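Each chain, written out:
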Amino acid sequence: MAETGTLTRADLAELLHQQIGLSRAQCAALVERVLEHMCKALDGGENVKISGFGTFVLRDKAERIGRNPKSGVEVPIAPRRVLTFRASQSMRDRIARAG
């Protein structure tokens, strides 16, 4: 993992290289393919569930009225689709034990 505390694509590829023994280029391509499949599924309106990890869920949010906190002026917020992540129960338990 990088010093910033963030796990990157390169970190994942390097871990695969160390544990599986494929070339670094093959591992990087494998990570990219997995992420591409996830993105295509989400683009197509599907949720992505990774057992033992969590679910990426698409939600449609309706139009609503918001307020500018500085001026207090009400403004309409357009309807949109948002992506959320819900960790699995086993992931939540694991994080709780680690903390």
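K.L.:
I'd like to hear about helix α1 (residues 9–20), residue by residue, with values.
P.N.:
One full turn of an α-helix is made of 3.6 residues, so residues set three or four places apart face in the same direction. Across its twelve residues, α1 extends 16 Å between first and last C-alpha, which sits within 8% of the 16 Å expected from 1.5 Å per residue. Where α1 ends, the next residue or the one after it, G21, has phi of about 95°, a positive value.

K.L.:
Which residues make up the nonpolar core, and what are the values?
P.N.:
M38, A41, L42, V48, F56 and L58 together form the largest nonpolar core, which totals six residues. Listing elements by their share of this core, those giving two or more residues are α2 (24–43) and β2 (54–61). Take this core: its biggest share by element is three residues, from α2. Aside from chain neighbours lying at most four places away, what touches V48 is M38, A41, L42, G54, T55 and F56.

K.L.:
Help me get a handle on the pattern of salt bridges, residues and values and all.
P.N.:
A complete count under the given rule lists four salt bridges for this structure. Residue R9 pairs with E32 through a salt bridge whose shortest N-O separation is 2.9 Å. Here R9, found in helix α1, pairs with E32, found in helix α2; they are 23 residues apart in sequence, far enough to count as distant. You can call R9 partly exposed: its relative accessible area is 47%. Residue R67 is joined to E74 by a salt bridge in which the shortest nitrogen-to-oxygen separation is 3.2 Å. With a relative accessible area of 55%, R67 lands in the exposed category.

K.L.:
Give me the lowdown on the pairing of strand β3 (residues 64–67), citing residues and values where you can.
P.N.:
Relative to strand β4 (residues 74–77), β3 is paired through four bridges, and the arrangement is antiparallel. If you follow I65 over to β4, its bridge partner there is P76. Count of turn residues in the β3/β4 antiparallel hairpin: six residues, of which G72 carries a positive phi of about 80°.

K.L.:
Report on a nonpolar patch on the surface, specifying residues and quantitative values.
P.N.:
Taken together, the side chains of I20, L22, L30 and V34 define a hydrophobic patch exposed on the protein surface, amounting to about 320 Å² of accessible area. Its place among the elements puts I20 in helix α1. Taking the relative accessible area as the measure of exposure, I20 reaches 52% and is therefore exposed.

K.L.:
I'd like to hear about the sheet that holds strand β1 (residues 48–50), residue by residue, with values.
P.N.:
Read across the open sheet, the three strands follow the order β1-β2-β5; overall the sheet is antiparallel. Edge positions in the sheet fall to β1 and β5 (80–87), since each of these pairs with one other strand and no more. Neighbouring strand axes in the sheet, compared pairwise and without regard to direction, differ in orientation by 25° on average. One ladder, built from eight bridges, connects β2 with β5; its direction is antiparallel. Counted as the bridge partner of R59 is V82 from β5. Helix-sheet contacts for α2 involve β1, β2 and β5, and the interaxial angle to β1 is about 140°.

The rules behind each value
- Residues numbered from 1 in each chain as written.
- Predicted model: local features only at pLDDT ≥ 70, side-chain atom pairs only at ≥ 80, totals over all residues.
- Heavy atoms only, no water.
- Helix = DSSP H or I, 4+ residues; strand = E, 2+ residues; numbered from the N terminus.
- Expected span 1.5 Å × (residues − 1).
- Core = buried A, V, L, I, M, F, W, Y, C linked by side-chain atoms within 4.5 Å.
- Buried < 20%, exposed > 50% of the residue type's maximum accessible area, 1.4 Å probe, protein only.
- Contact = heavy atoms within 4.5 Å.
- Salt bridge = Lys/Arg side-chain N within 4 Å of Asp/Glu carboxyl O.
- Pairing = 2+ DSSP bridges.
- Patch = residues over 30% accessible without salt bridge, like charges linked within 9 Å, V, L, I, M, F, W, Y side chains within 5 Å.
- Areas by Shrake-Rupley, 256 points an atom, 1.4 Å probe, with all protein chains shown as cover.
- Axes fitted to C-alpha atoms, helices over the stretch in contact; angles between N-to-C directions.

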